[in-house]
Amino acid sequence: MPELPEVETVVRGLARHMTGHRILRVEKNRPDLRAMMPRDLVARLEGRRVEAVRRRAKYILVDLDDGTVVIAHLGMSGRITIALPGQAPNRQDPHDHVVLHLDDGTVLRFNDARRFGR
């Protein structure tokens, strides 16, 4: 499981690339990680603007413009990758469980081969 400094590093990277941007498209590729994701997750996230990204203990909190807070946890093997526009090919990994496409072309992928994250 990532330690607090690692989670803080992830939060700072996400904040730099997400804050102020809209989530244009959400791909929910696997609804059952450690816990079920809300059925309406895609509808609730698409079109929302990210106000802030912060950390509470080892949880990653993403504040949206409608007051929604998205909670993520990396679990033991989870990771979030950031592909900037034109930086890398947009290829799908079988363990990319949630993919966010932002309005500036940035793509964020929550990947967890062991499915302990949420």
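Now for a description of the structure that goes with this document. The structure presented is a predicted model; accordingly, all values stated were derived computationally and were not measured. (Residues numbered from 1 in each chain as written. Predicted model: local features only at pLDDT ≥ 70, side-chain atom pairs only at ≥ 80, totals over all residues. Heavy atoms only, no water.)

## A short note on the sheet that holds strand E7 (residues 107–111)
Definition in use: Each pair of strands is called paired provided DSSP finds at least two bridges between the two strands. By definition, any uninterrupted DSSP run of H or I lasting at least four residues is a helix, any uninterrupted run of E lasting at least two residues is a strand, and each is numbered from the N terminus. For helices, the axis comes from a line fit to the C-alpha atoms of the stretch in contact; other axes are also lines fit to C-alpha atoms, and the angle between any two N-to-C directions lies between 0 and 180 degrees.
Across the sheet, which stays open at both edges, the four strands sit in the order E1-E6-E7-E5 with antiparallel pairing between neighbours. Strands with a single pairing partner mark the edges of an open sheet, and in this sheet they are strand E1 (23–28) and strand E5 (79–83). The mean angle between the axes of side-by-side strands here comes to 15°, regardless of whether they run parallel or antiparallel.

## Thoughts on the side chain of Thr106
Our working definition: Only protein chains enter the area calculation, which uses a 1.4 Å probe; residues under 20% of their type maximum are buried, those over 50% are exposed, and those in between are partly exposed. Polar contact is defined as a pair of N or O atoms within 3.5 Å, subject to the rule that within protein one atom must be able to donate a hydrogen and the other to accept it, and that residues adjacent in sequence are counted only when both atoms are side-chain atoms. By definition in these notes, contact holds between two residues if any of their heavy atoms fall within 4.5 Å.
Locating Thr106 in the fold gives a position in the loop between strand E6 (96–102) and E7. Thr106 gets classed as buried once you look at its relative accessible area, which sits at 1%. There is a polar contact of 2.9 Å between the side chain of Thr106 and the side chain of Asp104. Those residues in contact with Thr106 that sit more than four places away from it in its chain are Ile82, Ala83, Leu84, Pro85, Leu100 and His101.

## Observations regarding the sheet that holds strand E3 (residues 59–64)
Pairing in this open sheet of three strands is antiparallel, and the strands run E2-E3-E4 from one edge to the other. The open sheet has two edge strands with one neighbour each: strand E2 (50–56) and strand E4 (69–73). Averaged over all neighbouring strand pairs, the angle between strand axes comes to 20°, with direction disregarded. Summarising the sheet, E2 and E3 pair through six bridges and their orientation is antiparallel. Within E3, the residue paired with Val50 across the bridge is Leu64. Strands in contact with helix H1 (residues 4–18) are E2 and E3; relative to E2, the strand with the most contacts, it is inclined by about 175°.

## A word on a nonpolar patch on the surface
For clarity, the threshold we go by: To count toward a patch, a residue needs a relative accessible area above 30% and no salt bridge. Like charges then connect within 9 Å, nonpolar side chains (Val, Leu, Ile, Met, Phe, Trp, Tyr) within 5 Å. Accessible surface is estimated by sampling points in the Shrake-Rupley manner with a 1.4 Å probe; for residues, cover comes only from the protein chains shown. Just to be clear on terms, a salt bridge is a Lys or Arg side-chain nitrogen sitting within 4 Å of an Asp or Glu carboxyl oxygen.
Residues Tyr59, Val69 and Ile71 make up a contiguous nonpolar surface patch of about 250 Å² in total accessible area. Topologically, Tyr59 is positioned in strand E3. According to the relative accessible area criterion, Tyr59 is partly exposed, its value standing at 33%.

## Concerning the environment of Ala15
Among the structural elements, Ala15 can be located in helix H1. Sequence-wise, Ala15 and Glu51 are 36 residues apart; in three dimensions their C-alpha atoms are separated by 9.2 Å.

## Details of the nonpolar core
A general feature of soluble globular proteins is that nonpolar side chains tend to end up buried together. Rules: The set of buried Ala, Val, Leu, Ile, Met, Phe, Trp, Tyr and Cys residues whose side-chain atoms join them within 4.5 Å is what this entry labels a nonpolar core.
Core analysis: the largest hydrophobic core is formed by 20 residues, its most contacted members being Met18, Ile23, Val53, Ile60 and Leu100. Among the secondary structure elements, those contributing two or more residues to this core are H1, E1, helix H2 (41–45), E2, E3, E6 and E7. If one sorts the elements of this core by residue count, H1 sits on top with four residues. Setting aside residues no more than four positions away along its own chain, Met18 makes contact with Val50, Val53, Val62, Leu100, Leu102 and Leu108.

## Observations concerning the pattern of salt bridges
Across all of its chains, the model carries ten salt bridges by this definition. Among the salt bridges present, the one from Lys58 reaches Glu3, with a minimum N-O distance of 3.9 Å. With Lys58 in the loop between E2 and E3 and Glu3 in the segment before H1, this pair connects stretches of sequence that are 55 residues apart. Overall, Glu3 belongs to the partly exposed group, its relative accessible area being 47%. Put simply, Arg49 and Glu51 hold a salt bridge, and the shortest N to O gap is 2.7 Å. The exposure class assigned to Arg49 is partly exposed, which follows from its relative accessible area of 31%. Taken together, the salt bridges that share partners define one network made up of Arg22, Arg48, Asp65 and Asp66.

Geometric values such as these leave the question of function open.
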